[in-house]
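Single-letter residue listing:
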Protein chains: 2
Amino acid sequence: MNFLENFELFGNIDQAQNFIQTMSSGRFLFSLVISYTETCEIPGITFAGADKDSIKFTPPADAEYLHYGYCKSIDKIPMTPDGKPTPALLTKTALESASIPHLTINAGSKISPQLPFIETSMTSGKNISIQDAMTDSQVSHAVDYGRIVGRSMASLTDTLVIGESIPGGTTTALAVLRALGFDAKVSSSIPNNPIELKNQIVTSALERIDSDHPYSIIAKIGDPMIPFVAGMLSSASSISKVMLAGGTQMSAVLAFASKIGFNEENTLIGTTSYITHDQSANFKNIVEKIADIPIISVDPGLKNSKHSGLKAFSEGFAKEGVGAGGSIISSMLKTRNNSEKFLELAEIEYHRLFTSL
Amino acid sequence: MNFLENFELFGNIDQAQNFIQTMSSGRFLFSLVISYTETCEIPGITFAGADKDSIKFTPPADAEYLHYGYCKSIDKIPMTPDGKPTPALLTKTALESASIPHLTINAGSKISPQLPFIETSMTSGKNISIQDAMTDSQVSHAVDYGRIVGRSMASLTDTLVIGESIPGGTTTALAVLRALGFDAKVSSSIPNNPIELKNQIVTSALERIDSDHPYSIIAKIGDPMIPFVAGMLSSASSISKVMLAGGTQMSAVLAFASKIGFNEENTLIGTTSYITHDQSANFKNIVEKIADIPIISVDPGLKNSKHSGLKAFSEGFAKEGVGAGGSIISSMLKTRNNSEKFLELAEIEYHRLFTSL
């Protein structure tokens, strides 16, 4: 099966086909933006961590695992309470198979990763259910530094792929989308998406909004990753192609970026079919409302895995994250591997991890 | 005049000519490694700062100036007590004229720069005249992280250019060269090179050496920049070309790198004629004793400047530093500009700075 048959295209289809042509012959650089919002500490909001106390280690541990193949901040790779692995497993498999270089950016993680990383002097976001996430000046700082980092990275590659690791980020993303006027239904790392809980948090958070200035909105109900990645997109998209690798959270980035400006002609979203097929969310419609850009969605073929931990991704657990979808798309464009081959490689990595642990 | 007539080649001449051929058609990435050794606090050792208290701001300020065109940590660009500008002025002019991207790496600077930078979790070096610079494990950490950063950066370019900003670094470099068995006479940022003072410091420092293990030697009498850049060289030189941009300090890096291993076929030193013509030093002989690599030396033509602050570089003030020589060589290879054109651009930048200040 040709790998292109594992892709689905939405939004600006012509541009998607054009990107597929040009990207496959070019260089890729994957950047992982790690951050933190105390919103993730609300019980039941996220499964991105084995328990409440380990959630804050998930972003640095994702970065360490991508780099070293194991973690330093925690003893095992991040997993859900019942032992399902972080989507970084898919990202790692994809980047390795295609020898795509990657860099880690600390944009407000509570814990610094134990590897060299790009420092941005940003602090974590507060819990939006009880207080403002950031100050307006912290949002400006995030956008400014994002612009600087985006400019540097875009000048070193043909396609800059941006992924994120921020537990609880789908809730802040939902708040940002709603505040910016989009009737969003978001995906979650949890199969029985706690929609009620999220809606309660978002509704109470939205009450604090007293200005329609985008910076003020992000400060009140967003998280540090959103303005930083929006800043990266706004500068990088004038230099290279930029693939936002993610689902709901990247649609919130896109919504804010449309307020500060970016080059649509160089921008696309890369994600998994688990996001674009998620009935509980309306990801594609939101993106199409925000910008005339392509969405490339890939089916990683995990439903055929013999490992329950991998099969779970196809069943609604952690559908996306750590730039998994965009990394798989990038690796397939570079290697021409199809989902069958990708699954084979992911199972080897899964086996390596879970026999070595 | 053809820019090649502004170059002088030493060491492995064939390889130098080969590099000149291939580099000019490729991509460059400049990395500035900022660090600190308390050795610079010894009165009379360095002029890299307007006064004793401002020396520690020189490395971050050099990085900020390269990036923004002005400094954030201090109100003016770094200069000598009598107002001669940092060699970063030459680096800035060179990188801008050739649109060469650059990244800042914090490898033990006492002050963090106010821009996004690569963080390495390294601490400053101690004053080698009174105590060990680092612990052995800090040296291992520097080498390990240097290897990681070197590998990442080399995968993003064809030629990785490495410059440094570490006040007092020629003294620790002298100590490292002597300890590793090279009878080095080093250059200095001061025209009447305080050779006596440096020799006293180095002699007393060498007395603390009780092992011939290279890591132990660096820990006792080196500085954090040397093992970090040596680590960068060791990994990067197996992936891309690496130009060590500097004089005395880069010869010390080379001496230590020869103990941990690097690929000579991808390595060269780029510096200014003010270093290679320095009668008080024996830079060329030292490099030739360490490795069979090329040295490319460029005459920036500053002796013809109408500004005393630029002319001073040709008179022995801050002959090199912040990767000035290597940046000028890289920019000339990319733009085919000769020294005359470079001087013109440097004078425009000098004028911009000293009328805007």
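That block above? That's the structure.
Residues numbered from 1 in each chain as written. Chains lettered and ligands numbered in written order. Predicted model: local features only at pLDDT ≥ 70, side-chain atom pairs only at ≥ 80, totals over all residues. Heavy atoms only, no water.

A.B. asks: I tried to follow the packing of helix α5 (residues 169–179) of chain B against helix α9 (residues 248–260) of chain B on my own but got confused; where do I start?
C.D. replies: Describing two packed helices takes the angle between their axes plus the distance from one axis to the other. All names here are of chain B. Relative to each other, α5 and α9 sit at 35°, their axes nearing to 8 Å. Judged by the sense of rotation from one axis to the other, the crossing of α5 with α9 is left-handed. Contacts between α5 and α9 involve G169, T170, A173, V176 and L177 from the first element and T248, Q249, S251, A252 and A255 from the second. The residue makeup of the contact of α5 with α9, split by class, is five nonpolar, five polar and no charged. (Axes fitted to C-alpha atoms, helices over the stretch in contact; angles between N-to-C directions. Helix = DSSP H or I, 4+ residues; strand = E, 2+ residues; numbered from the N terminus. Left-handed = near helix turned anticlockwise from the far one by under 90°. Contact = heavy atoms within 4.5 Å. Nonpolar A, V, L, I, M, F, W, Y, C, P; charged D, E, K, R; others polar.)

A.B. asks: Any chance you could explain the side chain of T170 of chain B here in plain terms?
C.D. replies: For T170 of chain B, the position within the fold is in helix α5. Here T170 of chain B falls in the buried class, since its relative accessible area comes to 16%. (Buried < 20%, exposed > 50% of the residue type's maximum accessible area, 1.4 Å probe, protein only.)

A.B. asks: Help me understand the packing of aromatic side chains in this model?
C.D. replies: With the rule as written, the count across this model stands at eight aromatic pairs over all chains. When the centroid spacing of 5.6 Å and the interplanar angle of 80° are considered together, the rings of F3 of chain B and F7 of chain B count as edge-to-face. Like F3 of chain B, the residue F7 of chain B is buried in the burial classification. Across from the ring centre of F10 of chain A, 5.0 Å away, lies the NZ or CZ of K284 of chain A, which sits over that ring. (Phe/Tyr/Trp six-rings, centres within 6.5 Å; stacked < 30°, edge-to-face > 60°. Lys NZ or Arg CZ within 6 Å of the ring centre and 35° of its normal.)

A.B. asks: How should I be thinking about the relation of the copies chain B and chain A in this particular structure?
C.D. replies: Here two copies of a chain appear, and what relates them is a rotation about an axis with a shift along it. Placing chain B over chain A gives an RMSD of 0.0 Å and needs a rotation angle of 180°, together with 0.0 Å of translation along the axis. Those values place the two copies in the arrangement expected of a two-fold rotation axis. Across chain B, the rotation axis passes nearest the C-alpha of I118 of chain B, at a separation of 2.2 Å. With an isologous cut-off of 70% or more, the 100% of interface residues of chain B that recur at the interface of chain A puts this contact in the isologous class. (Least-squares fit on C-alpha atoms with pLDDT ≥ 70 in both.)

A.B. asks: I tried to follow helix α6 (residues 195–206) of chain B on my own but got confused; where do I start?
C.D. replies: Given 3.6 residues per helical turn, the α-helix brings residues three or four places apart onto the same face. Residue and element names in this part refer to chain B. Given a rise of 1.5 Å per residue, twelve residues ought to cover 16 Å, and the 16 Å separating the end C-alpha atoms of α6 matches this to within 8%. Every buried residue belonging to α6 is among K198, N199, I201, V202 and A205, and all of these are buried. End-on, the buried residues of α6 take up no more than an arc of 165°, which puts them together on one face. Turned more than 90 degrees away from the buried face of α6 sit E196 and Q200, all of them exposed. Of the surrounding secondary structure, the elements contacted by the buried residues of α6 are α5 and α7 (214–221). (Expected span 1.5 Å × (residues − 1). Arc of directions from axis to C-beta.)

A.B. asks: How do you make sense of the nonpolar core when you look at a structure like this?
C.D. replies: Counting residues in hydrophobic clusters, the biggest one holds 138 residues, and the most contacted among them are F228, L244 and L254 of chain A together with F228, L244 and L254 of chain B. Aside from chain neighbours lying at most four places away, what touches L254 of chain B is L233, L244, F262, T267, I269, V287, I290, A291 and I293 of chain B. (Core = buried A, V, L, I, M, F, W, Y, C linked by side-chain atoms within 4.5 Å.)

A.B. asks: Just checking my understanding: could you explain the packing of helix α8 (residues 225–236) of chain B against α9 of chain B for this structure?
C.D. replies: Residue and element names in this part refer to chain B. Where α8 contacts α9, the axes come no closer than 8 Å and their chain directions differ by 60°. Comparing their axes, α9 and α8 come out oblique. Crossing hand, α8 versus α9: right-handed. Contact with α8, carried on its side by M225, I226, P227, V229, A230, G231, L233 and S234, involves Q249, M250, A252, V253, L254, F256, A257 and I260 of α9 and no other residues of that element. Looking at side-chain class alone, the contact of α8 with α9 contains 13 nonpolar, three polar and no charged residues. (Parallel < 35°, antiparallel > 145°, perpendicular 65-115°, else oblique.)

A.B. asks: Help me out: how do you make sense of helix α1 (residues 13–23) of chain B in this one?
C.D. replies: Residue and element names in this part refer to chain B. Every buried residue of α1 is listed here: Q15, A16, F19, I20 and M23. The buried residues of α1 occupy one face: seen down the axis, they fall within an arc of 140°. More than 90 degrees from the buried face of α1, the exposed residues found are D14 and Q21.

A.B. asks: Just to check I follow, could you spell out the pairing of strand β3 (residues 102–106) of chain A for this structure?
C.D. replies: Two faces make up the sheet, and in a regular strand the side chains alternate between them. Residue and element names in this part refer to chain A. Here β3 lies mainly inside the structure; five of its five residues are buried. Here β3 shows a buried face lined by H102, T104 and N106 and a second buried face lined by L103 and I105. Sheet topology note: the strand β2 (residues 28–34)/β3 ladder contains five bridges and is parallel. What sits directly across from S31, in β3, is L103. When β3 meets strand β4 (residues 117–119), the two strands line up parallel, connected through two bridges. Each bridged residue has a counterpart across the sheet, and for N106 the counterpart in β4 is E119. (Pairing = 2+ DSSP bridges.)

A.B. asks: It is not clear to me how the interface of chain B and chain A should be interpreted in this structure. Could you clarify?
C.D. replies: Often the size quoted for an interface is simply the accessible area lost on bringing the parts together. Listed per partner, the contact involves 19 residues of chain B and 19 residues of chain A. The largest contributions to the chain B side of the interface with chain A come from P116, I148 and L156 of chain B, which together make up 32% of the buried area. Taken together, the links from chain B to chain A amount to zero salt bridges. The interface formed by chain B and chain A includes six residue pairs in polar contact (both at pLDDT 80 or more). Secondary structure elements with two or more residues in the side of chain B that touches chain A: α2 (58–68), β3 (102–106), β4 (117–119) and α4 (136–154) of chain B. Broken down by element, the residue count for the side of chain B that touches chain A peaks at four residues, all from α4 of chain B. Along the lines of polarity and charge, the residues of the side of chain B that touches chain A split into twelve nonpolar, five polar and two charged. (Buried area = accessible area lost by both parts, 1.4 Å probe. Salt bridge = Lys/Arg side-chain N within 4 Å of Asp/Glu carboxyl O. Polar contact = N/O pair within 3.5 Å; in protein donor to acceptor, adjacent residues only side chain to side chain.)

A.B. asks: Before we go on, may I ask you to explain the state of the cysteines in this structure?
C.D. replies: Residue and element names in this part refer to chain A. A complete count under the given rule lists zero disulfides over all chains for this structure. Left without a disulfide partner, C71 is nearest to the cysteine sulfur of C40, which lies 17 Å away. Classification of C71 by relative accessible area gives buried; the value is 8%. (Disulfide = S-S within 2.5 Å.)

A.B. asks: I keep staring at the pattern of salt bridges and nothing clicks. Help me out?
C.D. replies: Close approach of charged atoms allows side chains of opposite charge to pair. Summed over the entire model, instances satisfying the criterion amount to 27 salt bridges over all chains. The salt bridge partner of E344 of chain A is K341 of chain A, with a shortest N-O separation of 3.4 Å. With E344 of chain A and K341 of chain A both in helix α14 (residues 339–356) and three residues apart, the pair spans about one turn of that helix. One salt bridge connects D299 of chain B with K303 of chain B, and the closest N-O pair in it is separated by 3.2 Å. By relative accessible area, K303 of chain B is classed as partly exposed at 42%. Three or more residues are tied together by salt bridges with common partners; here these are E38, E41, K110 and K126 of chain A.

A.B. asks: What should I look at first to understand the side chain of T91 of chain B in this one?
C.D. replies: The topology assignment puts T91 of chain B in helix α3 (residues 88–97). A relative accessible area of 0% means that T91 of chain B is categorised as buried.

Spatial relationships are all this shows, so hold off on functional conclusions.
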